[in-house]
Amino acid sequence: MKYKNTNIFYTSRRTGNPVVLLHGFLESGNIWEDLLNDYSGNRQMITIDLPGHGKSGVIGKNHTMEEMEEAVHHVLQELKLEKVDFIGHSMGGYVSLAFLEKYPEMVGKIVLLNSTPAADSEERKENRERAIDLVQRNKEGFVNMAISNLLTPESHQMFQSELKAIKTEALQFPTEGITAALEGMKIRKDRISVLARFKGEKFILAGEQDPILNHNDIKTLAEKTGCKFYSFPGGHLTSMENKEEFLRIMYFIE
Ligand code: MLT
């Protein structure tokens, strides 16, 4: 489907109360494939490749969370869906929260997976600047490093082939798309109060040793926003590192 003359790729399978799965930075809807192949519940499952990722095109120089959320909204309009649950991984969680702020009546439940409602700290903003510079000079080096950094050394060993597949795919993403996502994440709004105000069921799932997000900070934010909090062993890719437990959560939120 087209959004602003750009192709936005999505998949929809099964029927029932719809769930939208949003991937993180340098990923695509493929990150959910393995889980969805094993899932046998009664819900419609929609995956969307966010702009500049997977098979979706680049819209502009800065893919703000609001821009990405509008692309998601267009897909939901095409599918004629009025209310959905979200499972948002990391950047996908930031996009889910931007969607929640704009279209609160369309959100049933929200699951933030290895994600946060907080904005970037000043230090993280500086890191984004360095990353933007590096992607432009050496995309391959940046992609390899960024994806290797998602996991602990133990998980890294265990999921070598999966990480390789993520890297291989991410290397195909255009430099402009990677940069636009970094720019968008850097300037994203703090949405702690948006999440706190939300009356639907809300969950935060965190990796105990997530190298990207501090586990204790996320736990505090979950308490502050009234989210149910679950922690899992491992790093930033909880749904892959703890697939069986994650599948149980997917059934549990039905
Ligand atoms: C992601 O996995 O989407 C990113 O690591 C999120 C971020 O850099 O804030």
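Residues numbered from 1 in each chain as written. Predicted model: local features only at pLDDT ≥ 70, side-chain atom pairs only at ≥ 80, totals over all residues. Heavy atoms only, no water.

## Let's talk about helix H4 (residues 122-137)
Residue pairs spaced three or four apart in an α-helix point in one direction, given the helix's 3.6 residues per turn. Our working definition: Helix numbers and strand numbers start at the N terminus; a helix is a DSSP run of H or I with at least 4 residues, a strand a run of E with at least 2. Multiplying 1.5 Å by the residue count of a helix minus one yields the expected span of that helix. Note on classification: 1.4 Å probe, protein chains only; a residue is buried when its accessible area is under 20% of the maximum for its type, exposed when over 50%, partly exposed between these limits. By construction, the arc corresponds to the directions joining the helix axis to the C-beta atoms. Residue contacts follow a heavy-atom distance rule, with two residues in contact if any of their heavy atoms lie within 4.5 Å.
Taking 1.5 Å per residue as the helical rise, H4 with its 16 residues ought to reach 22 Å, and the 23 Å between its terminal C-alpha atoms agrees with that figure. Considered for burial, the residues of H4 that qualify are Arg128, Ala131, Ile132 and Val135. Here the buried residues of H4 occupy an arc of 105° about the axis, which is enough to place them on one side. The outward face of H4, more than 90 degrees from its buried face, is lined by the exposed residues Glu122, Glu123, Arg130 and Arg137. Packing partners of the buried residues in H4 comprise helix H3 (91-102), helix H5 (139-148) and helix H8 (175-186).

## Regarding the site of the ligand
To keep things clear, this is the line we draw: One heavy atom suffices: a residue is near a molecule or strand as soon as one of its heavy atoms comes within 4 Å of it. By the criterion applied in these results, polar contacts are pairs of N or O atoms within 3.5 Å in which, for protein atoms, one can donate a hydrogen and the other can accept it, and in which residues neighboring in sequence qualify only through two side-chain atoms. Areas reported as accessible are Shrake-Rupley estimates using a 1.4 Å probe. Residue values count occlusion only from the protein chains shown. Using a grid of 1 Å spacing that covers the protein atoms alone, one calls a set of points a cavity when a 1.4 Å probe fits there but cannot get out, and a pocket when the set is open and has protein on both sides within 12 Å along at least five of seven lines; lining residues are those with an atom within 4 Å of a point. In this description, a molecule resides in a pocket or cavity if more than half of its atoms sit within 2 Å of the grid points defining it. Note on residue classes: Ala, Val, Leu, Ile, Met, Phe, Trp, Tyr, Cys and Pro are nonpolar, Asp, Glu, Lys and Arg are charged, and everything else, Gly too, is polar.
The immediate surroundings of the ligand are formed by Gly24, Phe25, Ser90, Met91, Tyr94, Arg124, Arg128, Met185, Ile212 and His236. Residue Ser90 places a side-chain N or O atom 3.0 Å away from an oxygen atom belonging to the ligand. One nitrogen or oxygen atom from the side chain of Tyr94 is found 2.5 Å from an oxygen atom belonging to the ligand. For the ligand, the accessible surface in isolation is 270 Å², of which the surrounding protein chains cover 95%. When atoms are counted within 2 Å of each cavity's grid points, the one that captures over half of the ligand is the largest pocket. Those elements giving two or more residues to the shell around the ligand turn out to be H3 and H4. Residue classes in the shell around the ligand are distributed as 5 nonpolar, 3 polar and 2 charged.

## What about the environment of Tyr39?
On the secondary structure map, Tyr39 appears in the loop between helix H1 (33-38) and strand E5 (45-48). Distance from Tyr39 to Lys164, taken between C-alpha atoms, is 24 Å for residues 125 residues apart in sequence. If we ignore the near neighbours within four places in the chain, the residues touching Tyr39 are Arg14, Met45, Leu247, Met250, Tyr251 and Glu254.

## Considering the UniProt feature "domain: AB hydrolase-1" (unreviewed entry) in the chain
Selection rule: UniProt positions are given in the numbering used here, feature names are shortened, and annotations may be inferred rather than shown by experiment.
Residues annotated by UniProt as "domain: AB hydrolase-1" (unreviewed entry) correspond here to residues 17-242. Between the first and last C-alpha atoms of residues 17-242 the distance is 24 Å; the span itself is 48% helix and 14% strand.

## As for the packing of helix H2 (residues 65-78) against H3
Working note: a packed helix pair is described by the angle between its axes plus the distance between those axes. Here is the rule we go by: Here an axis means a line fitted to C-alpha atoms, over the contact stretch when the element is a helix, while the angle between two N-to-C directions is reported on a 0 to 180 degree scale. Every angle not falling under 35 degrees, over 145, or within 65 to 115 is termed oblique; those three ranges are roughly parallel, roughly antiparallel and roughly perpendicular.
In the contact formed by H2 and H3, the axes pass within 8 Å of each other and the chain directions differ by 75°. In terms of their interaxial angle, H2 and H3 are classed as roughly perpendicular. Here H2 contributes Met65, Glu66, Met68, Glu69, Glu70, Val72, His73 and Leu76 to the contact with H3, which in turn contributes Met91, Tyr94, Val95, Ala98, Phe99 and Lys102. Here the contact of H2 with H3 is built from residues that sort into 9 nonpolar, 1 polar and 4 charged.

## A few points about the sheet that holds strand E6 (residues 84-89)
Under the convention used in this document: By the convention used here, strands pair only if DSSP detects at least 2 bridges between them.
Within the open sheet, the 7 strands sit side by side as E3-E5-E4-E6-E7-E8-E9. Their pairing is mixed. Each edge of the sheet is formed by a strand with only one pairing partner; in this case those strands are strand E3 (10-13) and strand E9 (228-232). Here the average twist between neighbouring strands, direction ignored, is 15°. Across the sheet, helix H12 (residues 243-252) lies against E5, E6, strand E7 (107-113), strand E8 (202-207) and E9, angled at about 160° from E9, the strand it touches most.

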